[in-house]
Amino acid sequence: MELGMEELMPRLLPVGDCDLAEDFDPTVPPRTPQEYLKRVQIEAARCPDVVVAQIDPRKLKKKPTINISISGCQPAPEGYSPTLKWQQQQVANFSAVRQSLNKHRNHWRSQHLDSNVTMPKSEDEEGWKKFCLGERVYSEIEALPDNENLGIDYMKVGFPPLLSIVSRMNQATVTSVLEYLISWFGEKKFTPELGRWLYALLACLEKPLLPEAHSLIRQLARRCSEVRALEESKNEEQISALNLIICLVSRYFDQRDLADEPS
């Protein structure tokens, strides 16, 4: 036995002098309580003072920290700030959509998906981006060949957020897909396909918000305000869509510091 090492370690399980058999072997299962405690002491004495875990960063699915910025949204371009009445109406409409979705979730979940609908796994970021946005938007292709005789190719134009699809998504998947799309939006332009999915995912997001979801929707609102402020053509339809998302984040999900001041 390594008595020298043992003397360097404090005896958290003190064992007095006890009669251990002369043939005591610490490598075999203990036969008495005294042998068990003695074996524990020996194993503890062999433990290093500092243990460094070997972690493969590629196996970490998400970042271990959540950054929550307290900065607000950029103001709407002059003449495009939504009225308080408009914002209140959008919150009321959104609340009704959420109630209807929750009420009929089990029904829609039980509906069979079309044979061409294959939902990606929750952790498949690239798969979800292509599923929601389509190859045209995701790959930033200006135009795709028309296949009128073949019907709509949803792999190219993206699957819409059908109730039969979003009803199958649990909260972990909702949060993950929301994160994927917000990450994509952080460097790309706003599109109708993106707007539809963001609205649907917000409608599926349960309250009270988890810290990660709280951070994500604040990031989304600020990004919408940035894109809105840089909108040169003053596309009224797009600005209205951006106003809507900011409104829902700030007024429905109680992030009031991000709300647009009524015009």
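Heads up: these notes are all about the structure in this document. (Residues numbered from 1 in each chain as written. Predicted model: local features only at pLDDT ≥ 70, side-chain atom pairs only at ≥ 80, totals over all residues. Heavy atoms only, no water.)

**Side note on the nonpolar core**
Threshold: Residues belong to one nonpolar core when they are buried, are Ala, Val, Leu, Ile, Met, Phe, Trp, Tyr or Cys, and are joined through side-chain atoms within 4.5 Å. Each residue is assigned to one of three classes by its accessible area relative to the maximum for its type, calculated with a 1.4 Å probe on protein chains only: buried under 20%, partly exposed between the two thresholds, exposed over 50%. Numbered from the N terminus, helices here are DSSP runs of H or I no shorter than four residues, and strands are runs of E no shorter than two. The contact criterion used is simple: two residues touch if any of their non-hydrogen atoms lie within 4.5 Å.
Formed by 49 residues in total, the largest nonpolar core has its most connected members in Leu181, Trp197 and Leu198. Secondary structure elements with two or more residues in this core: α3 (84–109), α4 (125–138), α6 (163–166), α7 (171–185), α8 (192–204), α9 (211–229) and α10 (236–252). Excluding residues within four positions of it along the chain, Leu181 makes contact with Cys132, Leu133, Leu194, Trp197, Leu198 and Leu201.

**Looking at the packing of α7 against α8**
As a reminder of what qualifies: A fitted line through C-alpha atoms represents every axis, and for helices the fit uses only the stretch in contact; the resulting angles, taken between N-to-C directions, go from 0 to 180 degrees. Two helices that cross are described as forming a left-handed crossing if the nearer one is turned anticlockwise from the farther one by less than a right angle, and a right-handed crossing if clockwise. As a working rule, the residues Ala, Val, Leu, Ile, Met, Phe, Trp, Tyr, Cys and Pro are called nonpolar, Asp, Glu, Lys and Arg charged, and the rest polar, with Gly in that last group.
Close contact between α7 and α8 brings their axes to 10 Å; oriented N to C, the two are set at 150 degrees. Viewed along their axes, α7 and α8 form a crossing whose handedness is left-handed. Across the interface between the two elements, Gln171, Val174, Val177, Leu178, Leu181, Ile182, Trp184 and Phe185 of α7 pack against Leu194, Trp197, Leu198, Leu201 and Cys204 of α8. Of the residues contributing to the contact of α7 with α8, the split by class is 12 nonpolar, 1 polar and no charged.

**Description of the pattern of salt bridges**
Two side chains bearing opposite charge may form a pair once their charged atoms approach each other closely. Threshold: Definition used for salt bridges: Asp or Glu carboxyl oxygen within 4 Å of a side-chain nitrogen of Lys or Arg.
Scanning all chains against the criterion turns up 7 salt bridges. One salt bridge connects Glu226 with Arg223, and the closest N-O pair in it is separated by 3.4 Å. Within this pair, Glu226 and its partner Arg223 are both found in helix α9, separated by 3 residues, close to a single helical turn. Across the pair Asp260 and Arg228 runs a salt bridge, and its minimum N-O distance is 2.8 Å. With a gap of 32 residues between them, Asp260 in the segment after α10 and Arg228 in helix α9 connect regions that are remote in the sequence. Pair check on accessibility: Asp260 and Arg228 agree, each one buried. The network of salt bridges with shared partners includes Glu125, Glu126 and Lys129.

**Looking at the environment of Asn170**
So the rule is basically this: For this analysis, a polar contact is any N or O atom pair within 3.5 Å, provided that within protein one partner can donate a hydrogen and the other can accept it, and provided that sequence-adjacent residues contribute only side-chain to side-chain pairs.
One can find Asn170 in the loop between α6 and α7. A distance of 2.8 Å separates a polar side-chain atom of Asn170 from the backbone nitrogen of Thr173.

**Description of unusual backbone geometry**
Cis geometry marks the peptide bond from Lys207 to Pro208; its omega dihedral reads 0 degrees. Turning to its location among the elements, Pro208 is positioned in the loop between α8 and α9. Even without glycine at this site, Asp254 takes up a positive phi of about 60 degrees. Mapping Asp254 onto the fold places it in the segment after α10.

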